[in-house]
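# Examination of the molecular architecture
Here is what each chain is made of, one letter per residue.
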Amino acid sequence: MEERLKSYLKEMEAQSARWEEEGGDAMTEQERKRRMEDLLIQIGFFQHERLIHLIVTVVFALLTMLAILGTLIAPQPALFLLILFLLILLVPYIRHYYILENGVQKLYRYYDRLTSQKQNRF
């Protein structure tokens, strides 16, 4: 999903640069509406992915905290290994969620640009 998001953001950046060059007037109202609908669909997909990864990340963080607490209460080598394993998994989950969050925020800005161009037109 990360590659798909990066690819879509690159495409949106190229389109945004064209809109800026053309002043937003080269797009017909029908084309603008179609692009806004497509963007909303893509935002929905990425929001869903972001929500799922947020849930997974929070669960792993809670499990890590419980394992740390368990180690403080009853130190055992198996719990140390569990903590290490959970931390190794938690770092990529946090990174991936960070990328999804920032990507969705960028998509919101592109959508806002499209809506503001629409309002300035009338």
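The structure contained in this document is the topic of the report that follows.

For the rest of this paragraph, the subject is the environment of Y110. Along the chain, Y110 falls in helix α3 (residues 77-121). Classification of Y110 by relative accessible area gives buried; the value is 6%. Measuring from C-alpha to C-alpha, the distance between Y110 and E29 comes to 16 Å, with 81 residues separating the pair along the chain. Not counting chain neighbours up to four residues away, the residues in contact with Y110 comprise L9, M12, E13, S16 and L39. In this structure the side chain of Y110 is engaged in a polar contact, spanning 2.5 Å, whose partner is the side chain of E13.

Soluble, globular proteins show a tendency: their nonpolar side chains are buried together. If you look at the biggest cluster of nonpolar residues, it comprises 15 residues, and the most contacted ones within it are L5, Y8, M12, L39, F46, L107 and Y110. Counting only elements with at least two residues in this core, the list comes to α1 (2-22), α2 (29-73) and α3. Of the residues forming this core, the biggest block, six residues, is contributed by α3. If sequence neighbours within four positions are ignored, M12 has contacts with W19, L39, L107 and Y110. Counting residues in hydrophobic clusters, the runner-up holds five residues, among them A67, I83, L86 and L90.

Criteria and cut-off values
Residues numbered from 1 in each chain as written. Predicted model: local features only at pLDDT ≥ 70, side-chain atom pairs only at ≥ 80, totals over all residues. Heavy atoms only, no water. Helix = DSSP H or I, 4+ residues; strand = E, 2+ residues; numbered from the N terminus. Buried < 20%, exposed > 50% of the residue type's maximum accessible area, 1.4 Å probe, protein only. Contact = heavy atoms within 4.5 Å. Polar contact = N/O pair within 3.5 Å; in protein donor to acceptor, adjacent residues only side chain to side chain. Core = buried A, V, L, I, M, F, W, Y, C linked by side-chain atoms within 4.5 Å.

Note that all results are geometric; they support no functional claim without further evidence.
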